[in-house]
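Survey of secondary and tertiary structure
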Amino acid sequence: MSINATTYAELQEIAGRYPQARSGLLPMLHLVQSVEGRVTPEGINACAEILGLTAAEVSGVATFYTMYKRKPVGEHHVGVCTNTLCAVMGGDQIFAELKEHLQVGNDETTADGKVTLEHVECNAACDYAPVVMVNWEFFDNQTPASAKQLVDDLRAGREVTASRGAKICSWREAERVLAGYDDGRADEGPSAGDASLAGLKTLEGK
Amino acid sequence: MSSPITPVLTANWGTDRSWTLDAYTRQGGYQALAKALTKSPDEVVAAVKDSGLRGRGGAGFPTGMKWGFLPPYDEANPTPRYLVVNADESEPGTCKDIPLMMASPHTLVEGVIISSYAIRAKQAFIYVRGEVLHVIRRLRAAVAEAYAAGHLGPDSPAGVDLIVHAGAGAYICGEETALLDSLEGRRGQPRLRPPFPAVAGLYARPTVINNVESIASVPAIIGKGADWFASLGTEKSKGFVIYSLSGHVTRPGQYEAPLGITLRELLDLAGGVRHGHQLKFWTPGGSSTPILTDQHLDVPLDYEAVGAAGSMLGTRALQVFDETTCVVRAVLRWSEFYKHESCGKCTPCREGTWWLVQVLTRLENGQGNAADLDQLLDQCENIAGRSFCALGDGATSPVVSSIQHFRDEYLAHLEHGGCPFDAAASTAWAPRQEVHA
């Protein structure tokens, strides 16, 4: 697959947003993933051409960051936090049970191409531990049972909504938002979850 | 007794559609910007200096002083200078900036405009970690609203442009010079200092980099006054901050209070350690700050007192672990994190974090020996102070402090031939412990 004219123009547009074009490289690589399902050699070449870099320079950047994938990602990316706090609160057990349930290892995709499972580092939601991310949306206070239900729903194509966020889109659609192309869904979801309001709630009735 | 909770940054998080310009403006939003614009930029800098605001991203460096390091602005020959907001919140345990930007992105946007005006920057950036999709949606929507309302843009009163930039997954990009390299489209690796970013930062131009909470505090300082801000907190640690409680706590979450509150007071507000259990160890400000124990419940959580207790205030990320938690497992997992996130630029951190994981794995599995503890401390000595940036120092904090406080527990792993703890007992769904009177 090669980068088509529309995508190429969008890559140029991203580079044009910044005082210096190379600053656009990270969002450009997000856009490549949204179109190609991973960072492909064709995508790397297009970025290099637009920014006047070598393919090696772009590859050097793409391989540094964990969100960029060299293997195709499934329709949904499921990330289980196994950093210390989430791990202790049950993230380790959730991840182990999901691996068994989906019959995949870390950073692998289910046979139906629906779900890529990965353990992720701290995602800044420790007060909702254990946390699972779907396409980088928060699923708070998970259990092995709720996480298995979640991936079953994703695989069955049922509608799934984040704990603090929007109705779940695909991983590729999420990558497009990260590239800077809004999907107009900022107004979905609550202002905050319960834990975010814990301090405020101590004042209620006073 | 009056509550120690002082909602300022968190005050509007519970209101309907709090993230919209409409809701924010109805609660007095953007009035601080209007007030700032009646002052000269230097007066705004002076107000931030007078407030005593110290960086909320972990290091606690005085924000106004950081701004003051910029070279004098040459009216006759203006050259670009930049404000960059560090929204790469990734320090394990830290979870305050993400809910702030989710619930009230306009607080940050207003802070960005006032701060840019103060330092005479015409271009600002919010570098937000990529793994928080909905936060990025909310930030972008807020920026678009602020442009439409005439708060942002070259023709706005402050004349500031603001770009929301999504990262791509790298803890090291929270280090300010690595963040700049990343924002320039490179691998996020820290730079040698000097020159400091104030002199040669983004695109080698004068640049100020501040944490989300620091910049979000600026509207309140301007709106309510530096004196009001400085009246909160302790002598050297002024103002209010967000304390983030997580782990084995009855009601984990965000608790905004003046600097100097203690963990005991915070636990009282949060319903205590979970029912039937006792505090074992905790981090005052993320995994890079040495762990403390139940001996430190009454340490005022400000920069000075936590430092005197042998740790660091960091990001006020209070990760609380009860007696069911194996400290060796916890430290091993943090070490695996540092190993994964070490950028590879310098040898002590790249190789050292790798070795820490090797030795800790052996110990957790009961396969090591008592000499391994000295080996670990020796490795830490070769990392801390010898690494290129603070990531390496941070990696040694949990190791050294856990051996200091829990040496016997390491040894118990050797006697037991493995981990003596039941991991299931520490999970959120562990059967409720019955308390016998």
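Rules used throughout
- Residues numbered from 1 in each chain as written.
- Chains lettered and ligands numbered in written order.
- Predicted model: local features only at pLDDT ≥ 70, side-chain atom pairs only at ≥ 80, totals over all residues.
- Heavy atoms only, no water.
- UniProt positions renumbered as here; feature names shortened; annotations may be inferred.
- Helix = DSSP H or I, 4+ residues; strand = E, 2+ residues; numbered from the N terminus.
- Buried < 20%, exposed > 50% of the residue type's maximum accessible area, 1.4 Å probe, protein only.
- Polar contact = N/O pair within 3.5 Å; in protein donor to acceptor, adjacent residues only side chain to side chain.
- Contact = heavy atoms within 4.5 Å.
- Salt bridge = Lys/Arg side-chain N within 4 Å of Asp/Glu carboxyl O.
- Nonpolar A, V, L, I, M, F, W, Y, C, P; charged D, E, K, R; others polar.
- Core = buried A, V, L, I, M, F, W, Y, C linked by side-chain atoms within 4.5 Å.
- Phe/Tyr/Trp six-rings, centres within 6.5 Å; stacked < 30°, edge-to-face > 60°.
- Lys NZ or Arg CZ within 6 Å of the ring centre and 35° of its normal.
- Pairing = 2+ DSSP bridges.
- Axes fitted to C-alpha atoms, helices over the stretch in contact; angles between N-to-C directions.
- 1 Å grid on protein atoms, 1.4 Å probe; cavity = no way out; pocket = protein on both sides within 12 Å on 5 of 7 lines; lining within 4 Å.
- Points joined across faces, edges and corners; volume = space filled by probe spheres on them.

If you check an unreviewed UniProt entry, chain B appears there as NADH-quinone oxidoreductase subunit F from Nocardioides phosphati. Listed in UniProt under the heading Function (unreviewed entry), the comment for chain B reads: "NDH-1 shuttles electrons from NADH, via FMN and iron-sulfur (Fe-S) centers, to quinones in the respiratory chain."

Per an unreviewed UniProt entry, the recorded name for chain A is NADH-quinone oxidoreductase subunit NuoE, and the organism is Nocardioides phosphati. You can read under Cofactor (unreviewed entry) in the UniProt record for chain A the words "[2Fe-2S] cluster". Per its UniProt entry, chain A bears the Sequence similarities (unreviewed entry) comment "Belongs to the complex I 24 kDa subunit family."

For the rest of this paragraph, the subject is unusual backbone geometry. Residues and elements named next belong to chain B. Here the amide bond leading from Arg193 into Pro194 is cis, since omega sits at -5°, within 30 degrees of zero. Considering the arrangement of structural elements, one finds Pro194 in the loop between α8 (176-183) and β4 (207-211). The linkage connecting Pro194 with the following residue, Pro195, adopts the cis geometry, with an omega of 5°. Looking at the secondary structure, you find Pro195 in the loop between α8 and β4. The phi dihedral of Arg120 falls on the positive side, at around 65°, and the residue is not glycine. Tracing the backbone shows Arg120 in the loop between α6 (105-119) and β2 (123-128). With relative accessibility at 22%, the residue Arg120 sits in the partly exposed group. The phi dihedral of Ala204 is positive, around 60°, even though this residue is not glycine.

Now for the side chain of B:Thr10. Note that B:Thr10 resides in the segment before α1 (21-26). Residue B:Thr10 is classed as buried on the basis of its relative accessible area of 5%. Polar contacts involving the side chain of B:Thr10 include one to the side chain of B:Glu256, which spans 2.5 Å. In this view, B:Thr10 contacts A:Leu200, B:Ile242 and B:Glu256; residues no more than four positions away in its chain are not counted.

Each side of the interface is counted separately: chain B has 82 residues, and chain A has 71 residues. Our enumeration of links across chain B and chain A arrives at 5 salt bridges. Between the two partners, chain B and chain A, sit 38 residue pairs in polar contact (both at pLDDT 80 or more). Its residues placed into classes, the side of chain B that touches chain A shows 38 nonpolar, 29 polar and 15 charged.

With that out of the way, let us pick up the nonpolar core. Residues and elements named next belong to chain B. Formed by 165 residues in total, the largest nonpolar core has its most connected members in Met101 and Leu376. Each residue touching Leu376, except ones within four places of it in the same chain, is listed here: Leu356, Val359, Leu360, Leu363, Val399, Ile403 and Tyr410. Judged by nonpolar contacts, the second largest core, of 28 residues, contains Leu259, Ala270, Leu301 and Val320.

The next thing to look at is the packing of aromatic side chains. Under the defined criterion, the tally for this structure stands at 17 aromatic pairs over all chains. Judged by centre distance (5.9 Å) and plane angle (65°), the rings of B:Phe281 and B:Phe406 are edge-to-face. Placement of B:Phe281 in strand β7 (residues 279-283) and of B:Phe406 in helix α16 (residues 390-416) is noted, with a sequence separation of 125 residues between them. B:Phe406 carries the same exposure label as B:Phe281, and that label is buried. Here the aromatic cluster, defined as three or more aromatic residues joined through ring pairs, consists of A:Tyr18, B:Tyr82, B:Phe125 and B:Tyr203. Here A:Arg164 stacks its cationic end above the ring of A:Tyr128, 3.8 Å away from the centre of that ring. Lying across the ring of B:Phe406, B:Lys280 places its NZ or CZ 5.5 Å from the centre.

Our focus in this paragraph is the sheet that holds strand β1 (residues 82-87) of chain B. Residue and element names in this part refer to chain B. As summarised here, the arrangement of the 4 strands in space is β3-β2-β1-β4, forming an open sheet in which the pairing is parallel. Two strands lie at the open edges of the sheet, namely β3 (161-166) and β4, each paired on one side alone. Neighbouring strand axes in the sheet, compared pairwise and without regard to direction, differ in orientation by 20° on average. Packing of α6 onto the sheet brings it into contact with β1, β2, β3 and β4, and relative to β1 it is tilted by some 150°.

A word on the layout of surface pockets. The calculated volume of the largest pocket comes to roughly 1,200 Å³. Counting residues per element, the ones that place at least two in the lining of the largest pocket are β4 and α16 of chain B.

Turning next to the pattern of salt bridges. For the coordinates displayed, the defined rule picks out 33 salt bridges over all chains. With a closest N to O distance of 2.9 Å, A:Glu188 and A:Arg185 form a salt bridge. Look at A:Glu188 and you get partly exposed, because its relative accessible area is 29%. In this structure, B:Glu176 and B:Arg193 form a salt bridge, with 3.5 Å as the shortest nitrogen-oxygen distance. Of this pair, B:Glu176 sits in helix α8 while B:Arg193 sits in the loop between α8 and β4; the two residues are 17 residues apart in sequence, bridging distant segments of the chain. You can call B:Glu176 buried: its relative accessible area is 17%. On the accessibility criterion, B:Arg193 (33% relative accessible area) is partly exposed. Taken together, the shared-partner salt bridges in this structure form one network comprising A:Asp92, B:Arg329, B:Arg333 and B:Glu336.

Residue and element names in this part refer to chain A. Counting buried positions over the 6 residues of strand β1 (residues 76-81) gives 6, a clear majority of the element. Neither face of β1 is exposed, since His76, Val78 and Val80 on one face and His77, Gly79 and Cys81 on the opposite face are all buried. Here β1 pairs with strand β3 (residues 115-120) via 6 bridges, running parallel. Within β3, the position partnered with His77 by the bridge is Thr116. Here β1 pairs with strand β4 (residues 132-134) via 3 bridges, running antiparallel. If you follow Val80 over to β4, its bridge partner there is Val132.

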